[in-house]
Amino acid sequence: MALTHLDRLEAESIAILRETVAVCRRPVMLYSVGKDSSVMLALARKAFAPGPLPFPLLHIATGWDFRAVIAHRDAMVAQHGAELIVRGGAERLNPFTTPLATYSRAMLTDPLRAALVEGGYDAAFGGGRRDEEKARAKERIFSFRARGGGWDPRYQRPEPWGMLNGHLHEGESLRVFPLSNWTERDVWDYAAREAVPLVPLYFADVRPTVERGGMLLMVDDPAEITLRPGEKIVERRVRFRTMGCWPLTGAHASDAESIEQVIAEVAASRSSERAGRAVDGEASASMEAKKKEGYF
């Protein structure tokens, strides 16, 4: 039988996962609990079945994560018997009052770098895809990082004909992207085919929201938000295309309750899923700036 498009993507991702485990001493998988990392987890389980995952899962939790994300994370870890490492910032900054670049560095980049050093990890899997964002389009599948985790696109190795070079010098490390060649539509199609469990927030439901800064924010914890003059909490039928800190992640109006309806909505969309992330809209906190500091 001829391989389908999804079959080829699956085979490539499984080969990347296995190659990384074969050439690196101590890998770890960054598990953000979003759709991409959920698909990546499903691929990893398939790659190393029937044995357990040969690496732990690392979640950088800011304390402003959606409650549904934390519940889904804990359920998946328990179901699969995975080792979970949770790390966060030295203090819980408030994203409503902290400059985005400062918040991103203190709550995401610094805890990630510290966790990778603390664990002695020389390779970290991430669910980034080239179609997501312009900085991610510059990435290689094996993304080399200097001491301290800094990224410079000028010093990445070429990957002709799918050849991966995992040789590391002292102090270097890898960020590895098994989903690099996938699109948002591919992720959803694969999740549907493989029945990958996903956070319910990806599907439309009536949720408490407030309009702010051109975004629809879901009020995940009313005690944590101070309404501005003229603002009010309104029940709206919304869903999310991406997961982040709830005060910084916009929802959009939708009636897509099933995975088939979500796929149809994604196919018709002409905007990036990351358009709903406030932190990506500020130059000083952009994805490329975060990568150069050591984030994914």
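Throughout this document, residue positions are counted from 1 along each chain, in the order its sequence is written. Restriction of local features to residues with pLDDT of at least 70 applies here, the model being predicted, together with a cutoff of 80 or more for giving and counting side-chain atom pairs; totals for whole chains, interfaces and linings are based on all residues. Processing note: side-chain calculations cover all non-hydrogen atoms of the structure and skip hydrogens and water entirely.

Asker: What am I meant to see in the side chain of Glu-231 here?
Answerer: Structurally, Glu-231 is set in the loop between strand S8 (215-218) and strand S9 (234-239). A 3.5 Å cut-off defines polar contacts: any pair of N or O atoms within that distance qualifies, except that in protein one atom must be a possible hydrogen donor and the other a possible acceptor, and neighbouring residues in sequence count only when both atoms are side-chain atoms. Polar side-chain contacts of Glu-231 include one of 2.6 Å to the side chain of Arg-212. There is a polar contact of 2.9 Å between the side chain of Glu-231 and the backbone nitrogen of Arg-228. With sequence-adjacent residues up to four places away left out, Glu-231 is seen in contact with Val-210, Glu-211, Arg-212 and Thr-226. The helix and strand labels rest on DSSP assignments: H or I over at least four residues marks a helix, E over at least two residues marks a strand, and numbering proceeds from the N terminus. Contact definition: two residues touch when any of their heavy atoms are within 4.5 Å.

Asker: Even after reading the chapter, I still don't get helix H1 (residues 5-23), so can you show me in this structure?
Answerer: Each turn of an α-helix holds 3.6 residues, which means side chains three or four residues apart point in the same direction. Multiplying 1.5 Å by the residue count of a helix minus one yields the expected span of that helix. Taking 1.5 Å per residue as the helical rise, H1 with its 19 residues ought to reach 27 Å, and the 27 Å between its terminal C-alpha atoms agrees with that figure. Listed in full, the buried residues belonging to H1 are Leu-6, Leu-9, Glu-10, Ser-13, Ile-14, Ile-16, Leu-17 and Thr-20. Each buried residue of H1 lies within a common arc of 155 degrees when the element is viewed along its axis, so the set occupies one face. Relative to its buried face, H1 has exposed residues pointing more than 90 degrees away, namely Arg-8 and Ala-22. Those residues of H1 that are buried are in contact with strand S1 (27-30), helix H2 (35-47), strand S4 (123-125), strand S5 (142-145), strand S6 (173-176) and helix H5 (184-194). Buried means the residue's accessible area, taken with a 1.4 Å probe over protein chains only, is under 20% of the maximum for its type, while exposed means over 50%, and partly exposed covers the values in between. The arc in question is traced by the directions running from the helix axis to the C-beta atoms.

Asker: Quick question: what am I supposed to make of the pattern of salt bridges here?
Answerer: Pairing between side chains of opposite charge can happen when their charged atoms approach one another. A carboxyl oxygen of Asp or Glu within 4 Å of a side-chain nitrogen of Lys or Arg is what we treat as a salt bridge. Tallying each qualifying case throughout the model produces 20 salt bridges. The residue Glu-211 makes a salt bridge to Arg-236 at a minimum N-O spacing of 3.1 Å. Residue Glu-211 is found in strand S7 (residues 205-212), and its partner Arg-236 is found in strand S9; the two are separated by 25 residues along the sequence. Taking the relative accessible area as the measure of exposure, Glu-211 reaches 55% and is therefore exposed. Notably, a salt bridge pairs Asp-255 with Arg-237, separated by 3.4 Å at the nearest N-O pair.

Asker: Help me out: how do you make sense of H5 in this one?
Answerer: Taken together, the buried positions of H5 are occupied by Glu-184, Asp-186, Val-187, Trp-188, Tyr-190 and Ala-191. Residues of H5 that are buried in the fold lie against H1, H2, S9 and helix H6 (259-268). The first or second residue beyond H5 is Ala-195, which carries a positive phi of 55 degrees.

Asker: Looking at this model, I keep getting lost on the packing of H1 against H5. Mind explaining?
Answerer: To describe two helices that pack against each other, one gives the angle between their axes and the distance between the axes. Axis lines are fitted through C-alpha atoms, for helices just across the contact stretch, and the angle between N-to-C directions can take any value from 0 to 180 degrees. The interhelical angle for the contact between H1 and H5, taken along N-to-C directions, is 95 degrees, at an axis separation of 11 Å. The orientation of H1 relative to H5 falls into the category roughly perpendicular. Contacts between H1 and H5 involve His-5, Leu-6, Asp-7, Leu-9 and Glu-10 from the first element and Asp-186, Asp-189, Tyr-190, Arg-193 and Glu-194 from the second. Polar here means any residue other than Ala, Val, Leu, Ile, Met, Phe, Trp, Tyr, Cys and Pro, which are nonpolar, and Asp, Glu, Lys and Arg, which are charged; Gly is therefore polar. Taken together, the residues that form the contact of H1 with H5 break down as three nonpolar, one polar and six charged. Oblique is the label for any angle not under 35 degrees, not over 145, and not in the 65 to 115 range, which are roughly parallel, roughly antiparallel and roughly perpendicular in turn.

Asker: I would appreciate a short explanation of the sheet that holds S8 in the present structure.
Answerer: Sheets are built from strands paired through backbone hydrogen bonds, the pairs being either parallel or antiparallel. DSSP bridges decide pairing: two strands pair if at least two such bridges lie between them. Read once around its circumference, the closed barrel built from four strands follows the order S7-S8-S10-S9, with strand pairing classed as antiparallel. Sheet twist, expressed as the mean angle between neighbouring strand axes with direction ignored, is 70 degrees. In this sheet, strand S10 (residues 250-253) lies alongside S8 in antiparallel orientation, the contact comprising two bridges. The residue bridging Leu-217 from the neighbouring strand is Gly-250, located in S10.

Asker: Is there a simple way to explain the packing of aromatic side chains in this structure?
Answerer: Two descriptors summarise a pair of aromatic rings, namely the distance from one centre to the other and the angle between the planes of the rings. Pairing of aromatic rings covers Phe, Tyr and Trp, the last counted by its six-membered ring, and requires centre-to-centre distances within 6.5 Å; plane angles under 30 degrees mean stacked, over 60 mean edge-to-face, and any other angle means tilted. Following the criterion strictly, the structure yields nine aromatic pairs and no others. Ring plane angle 90 degrees and centroid distance 6.0 Å describe the contact between Trp-64 and Phe-96, whose orientation is recorded as edge-to-face. Of this pair, Trp-64 sits in the loop between strand S2 (57-60) and helix H3 (67-80) while Phe-96 sits in the loop between strand S3 (84-87) and helix H4 (100-119), and the two are 32 residues apart along the sequence. Ring pairing ties together the aromatic residues Phe-48, Phe-55 and Phe-125, which thus form one cluster.

Asker: Can you walk me through the sheet that holds S6 in this structure?
Answerer: Across the sheet, which stays open at both edges, the six strands sit in the order S3-S2-S1-S4-S6-S5 with mixed pairing between neighbours. Edge positions in the sheet fall to S3 and S5, since each has one partner strand and no second. Each strand of the sheet is rotated relative to its neighbour by a mean of 30 degrees, with strand direction disregarded. Where S2 meets S3, four bridges bridge the pair, whose relative direction is parallel. Each bridged residue has a counterpart across the sheet, and for Ile-60 the counterpart in S3 is Arg-87. Packed onto the sheet, H1 meets S1, S4, S5 and S6 and runs at close to 160 degrees relative to S4.

Honestly, it's all geometry; don't read function into it.
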